[in-house]
Amino acid sequence: MKSFYLIILFNFSFTFGQIQVKYKQQTIENLSDVKDIELKQEFELINNHITFYDLTIKDKESIYQLKPTINNKQGASNFTITSSEEENVYYTNITQGNYIFYTTYNDKKILIKDQLEPLQWILTKEESSILGFTARKATLKNGTTLIEAWYTPELNYKNGPQNFWGLPGLILKVEANAFDSNGNLSNTMFIEAIEINLKDKTKWKIPTKGEVMTKTEYQYFKDKQYKIYLENNENTIDLKID
């Protein structure tokens, strides 16, 4: 009697009740055009600063939250980097297609509420290994920013750090190169997972504090504040000259 065996190949992926991923994040400013020595030293201090975030995911919801750090190093103008757990909180709801971003700007608490932006990822066949998971590369052009992301299909989540999402697996690594209007590199942001807890029980809540704005309104608010800052500096310079 002949025996027949049916072999079925599965592409295994897992979804857990709640997981938490720890990321390190760093932004490197292009200082090639900065001539002022003191200003360049301050930017170099920022470039050397690494922040840490926790991404907690439950079902289709996630929260990406800055972990408090203190850096006592100071630049030429007594510039000190500090951060608190209440700053820079990203809440994402993929089912509802929206997000909330809590931040502060000039001591003003702001709550940005808007729709998730669809990201037109291009999937590649390139693979790597990150924290023991098979990761695949995807690329994206968002305006003048070129983005490279690595995601793992082994963890069946469309979430990722910050506002990166929409890939067929959890995003573990991001490199985003931002260019100015002349095509020159402005800065590069690096985000990389350093630890994954597949049985997380951290309690978290959706941010609710702050003045509510849309993404467009927030950009208008920042531009206005920056314009006021420049005008005040010009007035200070005029006073010194007189």
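These lines cover the structure that appears in this document, whether it is placed above or below. (Residues numbered from 1 in each chain as written. Predicted model: local features only at pLDDT ≥ 70, side-chain atom pairs only at ≥ 80, totals over all residues. Heavy atoms only, no water.)

Details of the overall build of the protein
Line of reasoning, step 1. Assigned secondary structure in the protein consists of two helices and 14 strands.
Line of reasoning, step 2. For the protein, the residues scored as buried account for 36% of the 242 residues in total.
Line of reasoning, step 3. Pairs at least 24 residues apart make up 56% of the contacts formed inside the protein by residues separated by at least 6 positions.
Line of reasoning, step 4. Split by element, the accessible area of the protein, about 15800 Å² in all, is 51% carbon and sulfur. (Helix = DSSP H or I, 4+ residues; strand = E, 2+ residues; numbered from the N terminus. Buried < 20%, exposed > 50% of the residue type's maximum accessible area, 1.4 Å probe, protein only. Contact = heavy atoms within 4.5 Å. Areas by Shrake-Rupley, 256 points an atom, 1.4 Å probe, with all protein chains shown as cover.)

Some points on the packing of aromatic side chains
Line of reasoning, step 1. Applying the stated rule across the entire model yields six aromatic pairs.
Line of reasoning, step 2. Consider the rings of Y64 and Y90, whose centres lie 6.0 Å apart with planes at 55°: the pair is tilted. Pair noted here: Y64 is in strand β3 (residues 61-66) and Y90 is in strand β6 (residues 89-93), with a separation of 26 residues, a long-range link. Here Y64 matches Y90 in class, with each residue buried.
Line of reasoning, step 3. Ring plane angle 20° and centroid distance 4.3 Å describe the contact between Y90 and F101, whose orientation is recorded as stacked. Here the residue Y90 occupies a position in strand β6, and F101 occupies one in strand β7 (residues 98-105), the gap between them amounting to 11 residues.
Line of reasoning, step 4. On the basis of relative accessible area, F101 is assigned to the buried category, the value being 12%.
Line of reasoning, step 5. Put simply, the rings of Y23, Y53, Y64, Y90 and F101 touch in pairs and so form one group of aromatic residues. (Phe/Tyr/Trp six-rings, centres within 6.5 Å; stacked < 30°, edge-to-face > 60°.)

Points about the environment of S62
Line of reasoning, step 1. Looking at the secondary structure, you find S62 in strand β3.
Line of reasoning, step 2. Taking the relative accessible area as the measure of exposure, S62 reaches 3% and is therefore buried.
Line of reasoning, step 3. In this structure, the C-alpha to C-alpha distance between S62 and T92, residues 30 residues apart in sequence, is 5.3 Å.
Line of reasoning, step 4. Other than its neighbours up to four places away in sequence, S62 contacts L55, T56, I57, Y90, Y91, T92 and N159.

Quick notes on a nonpolar patch on the surface
Line of reasoning, step 1. Among the surface-exposed residues, I50, F52 and I194 lie close enough to one another that they form a single nonpolar patch of about 220 Å² accessible area.
Line of reasoning, step 2. Mapping I194 onto the fold places it in strand β13 (residues 185-197). (Patch = residues over 30% accessible without salt bridge, like charges linked within 9 Å, V, L, I, M, F, W, Y side chains within 5 Å. Salt bridge = Lys/Arg side-chain N within 4 Å of Asp/Glu carboxyl O.)

Regarding the pattern of salt bridges
Line of reasoning, step 1. On inspection of all chains with the given rule, the structure shows seven salt bridges.
Line of reasoning, step 2. Close ionic contact of D54 with K22 constitutes a salt bridge, the shortest N to O distance being 3.3 Å. With D54 in strand β2 (residues 51-58) and K22 in strand β1 (residues 18-29), this pair connects stretches of sequence that are 32 residues apart.
Line of reasoning, step 3. Between E211 and K108 there is a salt bridge; the shortest N-O distance is 2.6 Å. Linking E211 in strand β14 (residues 211-213) with K108 in strand β8 (residues 108-115), this pair joins segments that are 103 residues apart in sequence.
Line of reasoning, step 4. Judged by relative accessible area, which is 30%, K108 ranks as partly exposed.
Line of reasoning, step 5. Residues joined in a network through salt bridges with shared partners are K22, D54 and K67.

Overview of unusual backbone geometry
Backbone phi values are negative for most residues with the exception of glycine, while trans is the configuration of most peptide bonds.
Line of reasoning, step 1. We note that D59 has phi near 55°; this positive angle belongs to a residue other than glycine.
Line of reasoning, step 2. If you trace the backbone, D59 turns up in the loop between β2 and β3.
Line of reasoning, step 3. Using a relative accessible area of 52% as the deciding quantity, one classes D59 as exposed.

Description of the pairing of β8
Line of reasoning, step 1. In terms of strand pairing, β7 meets β8 through eight bridges, oriented antiparallel. When the bridges of β8 are listed, Y99 appears paired with D114.
Line of reasoning, step 2. The antiparallel hairpin formed by β7 and β8 contains two residues in its connecting segment, where N106 sits at a positive phi of about 55°.
Line of reasoning, step 3. Where β8 and β14 come together, three bridges link them in parallel fashion. (Pairing = 2+ DSSP bridges.)

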